[in-house]
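Chain and residue survey
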Amino acid sequence: MAIQSIAFIFSTLGYLAFLGVFTKIHPMLAPLVWAAFVTVFVYFFAILGHLPLGAGLAIWLGVALAIVTILKKPRELVQQGLPSLAALVCLLLPLAVLYRSIPDDFAFLVWDEV
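Quick summary incoming for the structure in this document.

Helices and strands together make up the secondary structure of the protein chain, namely five helices and zero strands. Each helix and strand of the protein chain, placed in order from N terminus to C terminus, yields the pattern α-α-α-α-α. For the protein chain, the accessible surface area stands at approximately 8,200 Å², while carbon and sulfur atoms represent 77% of it.

Axes are the key here: two packed helices are described by the angle between their axes and the distance separating the axes. Across the interface, helix H1 (residues 2–23) lies against helix H3 (residues 51–72) with an axial gap of 7 Å and an inter-helix angle of 50 degrees. Here H3 runs oblique to H1, going by the angle between their axes. As H1 packs across H3, the resulting crossing turns out to be left-handed. Residue-level inspection shows Ala7, Phe8, Phe10, Ser11, Gly14, Tyr15, Ala17, Phe18, Val21 and Phe22 of H1 in contact with H3, the latter providing Ala58, Ile59, Leu61, Gly62, Val63, Leu65, Ala66, Val68, Thr69, Ile70 and Lys72. Taken together, the residues of the contact of H1 with H3 break down into 16 nonpolar, four polar and one charged.

Applying the stated criterion to the full structure yields five aromatic pairs. Relative to Phe45, the ring of Phe41 lies with its centre 5.2 Å away and its plane at 55 degrees, an arrangement referred to as tilted. With Phe41 and Phe45 both in helix H2 (residues 30–47) and four residues apart, the pair spans about one turn of that helix. Geometrically, the ring pair formed by Phe44 and Phe45 is edge-to-face, given 6.0 Å between the ring centres and 85 degrees between the ring planes. You can call Phe45 buried: its relative accessible area is 14%. Among the aromatic residues, those joined into a cluster by ring pairs are Tyr15, Phe37, Phe41, Phe44 and Phe45.

The next point concerns the side chain of Thr69. Relative to the assigned elements, Thr69 resides in helix H3. Here Thr69 falls in the buried class, since its relative accessible area comes to 1%. At 2.7 Å, the side chain of Thr69 and the backbone oxygen of Leu65 are in polar contact. Each residue touching Thr69, except ones within four places of it in the same chain, is listed here: Ala17, Phe18, Val21, Phe22, Pro74 and Leu77.

In this section: the environment of Ile25. Within the secondary structure, Ile25 sits in the loop between H1 and H2. Owing to a relative accessible area of 24%, Ile25 belongs among the partly exposed residues under this scheme. Those residues in contact with Ile25 that sit more than four places away from it in its chain are Leu19, Ala30 and Val33.

A contiguous nonpolar surface patch, about 380 Å² in accessible area, is contributed by Phe10, Ile67, Ile70 and Leu71. The leading source of residues in the nonpolar patch is H3, at three residues. Accessibility expressed as a relative area gives 42% for Ile67, which makes it partly exposed.

Counted at 1.5 Å a residue, the expected span for H3 with its 22 residues is 32 Å, and the 31 Å between its end C-alpha atoms agrees. Those residues of H3 not exposed but buried are Gly54, Ala58, Gly62, Val63, Leu65, Ala66 and Thr69.

Cut-off values and rules
- Residues numbered from 1 in each chain as written.
- Predicted model: local features only at pLDDT ≥ 70, side-chain atom pairs only at ≥ 80, totals over all residues.
- Heavy atoms only, no water.
- Helix = DSSP H or I, 4+ residues; strand = E, 2+ residues; numbered from the N terminus.
- Areas by Shrake-Rupley, 256 points an atom, 1.4 Å probe, with all protein chains shown as cover.
- Axes fitted to C-alpha atoms, helices over the stretch in contact; angles between N-to-C directions.
- Parallel < 35°, antiparallel > 145°, perpendicular 65-115°, else oblique.
- Left-handed = near helix turned anticlockwise from the far one by under 90°.
- Contact = heavy atoms within 4.5 Å.
- Nonpolar A, V, L, I, M, F, W, Y, C, P; charged D, E, K, R; others polar.
- Phe/Tyr/Trp six-rings, centres within 6.5 Å; stacked < 30°, edge-to-face > 60°.
- Buried < 20%, exposed > 50% of the residue type's maximum accessible area, 1.4 Å probe, protein only.
- Polar contact = N/O pair within 3.5 Å; in protein donor to acceptor, adjacent residues only side chain to side chain.
- Patch = residues over 30% accessible without salt bridge, like charges linked within 9 Å, V, L, I, M, F, W, Y side chains within 5 Å.
- Salt bridge = Lys/Arg side-chain N within 4 Å of Asp/Glu carboxyl O.
- Expected span 1.5 Å × (residues − 1).

The values reported here are purely geometric and, on their own, carry no functional implication.
Below, the structure is given as structure tokens:
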């Protein structure tokens, strides 16, 4: 479980660093582009019936992008990639707070499932 979490976090950082360094998009836009790309990528594999393969490829693609960014442009990573990581924290912090505010024993009602 810990290895999967570390791979997911490193993959996310890889996507954001790559977007921040190579595409030069705005740092606040990078997490949204990352989320949209990974969602469509995994959804495509789910439609084909290969969801675990798609999820694994999405994670390893992010890890590969992190390695490429670190090796090719380490100086630009500090200048342009770090603001993307800060933007991710700013966007995900409210979601984490809301997630933690839901009680652990919360049960969905029937009308939630319709």
